[in-house]
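Chain by chain, the residues:
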Amino acid sequence: MAELYDFIENLWIIDSHEHTVQEVERVSSEADPLQILLSQYASSDLISSGLSLEDYVRALNLNVSLKERWRIIEPFWDKAKNTTYFEVINIALKDLYGVNELDENTIEVLSEKMKAVNRIGLYRWVLKEKAKIRISIFDGITDIVDVDREFFAPVVRLEDFILLRSREDVRRLSEATKIPIHSLKSLESALESEVQSILNKIVGFKIALAYRRDVHFEKTTFNEAEKVFNKIMGSERTFIRYTSPDGIRLTMSDEISVEEARPLQNYMVHRILETASRYRLPVQVHTGLQEGNLNLVSNSNPLYLANLFMEYYNVKFDVFHGAYPYVRELAVLAKNFPNVYVDLCWLHAVSSSSAKYALNELLDMVPANKIIGFGGDYKHVEGVYGHSRLARKNVAEVLQDKVDRGRYSLEEAKNIAKMLLYDNLLEVFKLGI
Ligand SMILES: [Zn+2]
């Protein structure tokens, strides 16, 4: 039994998805434990448990003492610490800093320990020595391509070309691409020029539009998209931002609604996929649960994407988060379409038991080369580490169970583990490592 666990524990892995703050930025910060650990996920559960936004903001304010900030957080921490987000944090704090349980005393100890290691070398220690991650695919949200190549290989979202809603948006894009954009045609040229300029730096594209709208991108004509573009450019509303004498910032926007701009978004998503097809770039897509509070999960059902999977049959789609809770829908899509991959990134941290359940079922249903077993999806390396430990444990437990039941031999199980945690990403993203 120990053999498979040992094998998976010691395996070098590739990580499908990170938003990690770059090391130079991290080491120049205060390394405040609450600012770091509550920059995502656990904070959403604290808010879900009842923490007010005002108190959350105050708990991250460095002008307030750490003890006092912990006192704000603690009652909600106790209410929410049953979730896997907190398990990830606990694993990291215990293994990296020797802190077993956070309370009003250990928060100070943790703070000192985090400050002590907050220098260049931190990422090599956590990501390489401790987490044994060969490389992570990096989604900088705003299209950052100049990342530390020792740790990261970037994808880009190109959302500035999709989510145009105002003349001001177009002006900013013109400025960034240095191409005057005054027609849908010139917007397309700007996209092409942008992609060409970053082509040798990226390993794929990312679509994360499920945070803004549903992910059904209907086939839309040039004409329909052009009408939206022209409406944006012909608007007689103006973009004004000024601060009134009493300090209130006012913004008047020339924006049209996301709904109204939909034909243009659909059209540009199709252009981006056409580009992906031309340059043979894989595309990562967010589906399922959105991070944060108050978003609408039904927007992110992977079944909405079927038309894209069909039309762009030679583009490899790396579909995120097991589409949780639509994991069965995604399993069926991945079983049917050779170009659709199921990616369990974030999922082991969202719910450890759901990730195990999903993986168990996926292995009965989808060829192993189509399952991507781990992506951390953290801004902080502590989360990446804790999550990677949990993912290794889950993969080992699911595979061991199948070995025990005589379904796979030990050798087959080891081979599948390596495919899920290393080989598949290497192949899909042609990572030159
Ligand atoms: Zn993410």
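Structure: see above.
Note that the structure is predicted; figures quoted are calculated from it, not measured.

S.K.: Could you give me a rundown of the coordination of the zinc ion, with the residues and numbers involved?
M.R.: Each pair of donors in an ideal four-coordinate tetrahedral metal site encloses 109.5 degrees, whereas pairs in an ideal six-coordinate octahedral site enclose 90 or 180 degrees. The protein atoms donating to the zinc ion are His17 (NE2), His19 (NE2) and Asp377 (OD), with metal-donor distances spanning 2.0 to 2.2 Å. Within one chain, the residues donating to the zinc ion are spaced in sequence as H-x1-H-x357-D. With His19 in the loop between strand 1 (13-18) and helix 2 (23-27) and Asp377 in the loop between strand 10 (371-372) and helix 18 (381-404), this residue pair connects regions lying 358 residues apart in the sequence. By relative accessible area, His19 is classed as buried at 16%.

S.K.: Describe the packing of aromatic side chains, listing the residues and the values that go with them.
M.R.: Summed over all chains, the structure comprises twelve aromatic pairs. Here the aromatic rings of Trp77 and Phe86 are separated by 4.9 Å at their centres, their planes lie at 85°, and the arrangement is edge-to-face. Across this residue pair, the class does not change: Trp77 and Phe86 are buried. Seen from their ring centres, Phe222 and Tyr267 are 5.9 Å apart, and the 80° between their planes marks the pair as edge-to-face. Taken as a pair, Phe222 in helix 12 (residues 222-234) and Tyr267 in helix 13 (residues 262-279) lie far apart in primary sequence, 45 residues in all. In this structure Phe222 comes out as partly exposed when scored by relative accessible area, which is 25%. Taken together, the ring pairs connect Tyr41, Tyr85, Trp346 and Tyr378 into an aromatic cluster. Here Lys370 stacks its cationic end above the ring of Tyr341, 5.8 Å away from the centre of that ring.

S.K.: An account of the packing of helix 17 (residues 352-365) against helix 18 is needed here, citing residue identities and associated values.
M.R.: The N-to-C vectors of helix 17 and helix 18 enclose an angle of 45°; their axes lie 10 Å apart at closest approach. Taken together, helix 17 and helix 18 sit at an angle that is classed as oblique. The crossing of helix 17 and helix 18 is right-handed. Judged by residue contacts, Ser352, Ala355, Lys356, Leu359, Asn360, Leu363 and Asp364 of helix 17 engage Leu390, Asn394, Val395, Glu397, Val398, Leu399 and Lys402 from helix 18. Residue composition of the contact of helix 17 with helix 18, grouped by class: seven nonpolar, three polar and four charged.

S.K.: For the pairing of strand 4 (residues 204-207), give the residues involved together with the corresponding values.
M.R.: The side-chain alternation of strand 4 yields two buried faces, one formed by Gly204 and Lys206 and the other by Phe205 and Ile207. Note that strand 3 (residues 152-156) and strand 4 share two bridges and pair parallel. What sits directly across from Val155, in strand 4, is Gly204. Relative to strand 7 (residues 283-285), strand 4 runs parallel, the two being bridged by three bridges. Counterpart to Lys206 in the pairing with strand 7 is Gln284.

Conventions we followed
Residues numbered from 1 in each chain as written. Predicted model: local features only at pLDDT ≥ 70, side-chain atom pairs only at ≥ 80, totals over all residues. Heavy atoms only, no water. Donors = N, O, S within 2.8 Å, 3.2 Å for Na, K, Ca; no water. Helix = DSSP H or I, 4+ residues; strand = E, 2+ residues; numbered from the N terminus. Buried < 20%, exposed > 50% of the residue type's maximum accessible area, 1.4 Å probe, protein only. Phe/Tyr/Trp six-rings, centres within 6.5 Å; stacked < 30°, edge-to-face > 60°. Lys NZ or Arg CZ within 6 Å of the ring centre and 35° of its normal. Axes fitted to C-alpha atoms, helices over the stretch in contact; angles between N-to-C directions. Parallel < 35°, antiparallel > 145°, perpendicular 65-115°, else oblique. Left-handed = near helix turned anticlockwise from the far one by under 90°. Contact = heavy atoms within 4.5 Å. Nonpolar A, V, L, I, M, F, W, Y, C, P; charged D, E, K, R; others polar. Pairing = 2+ DSSP bridges.

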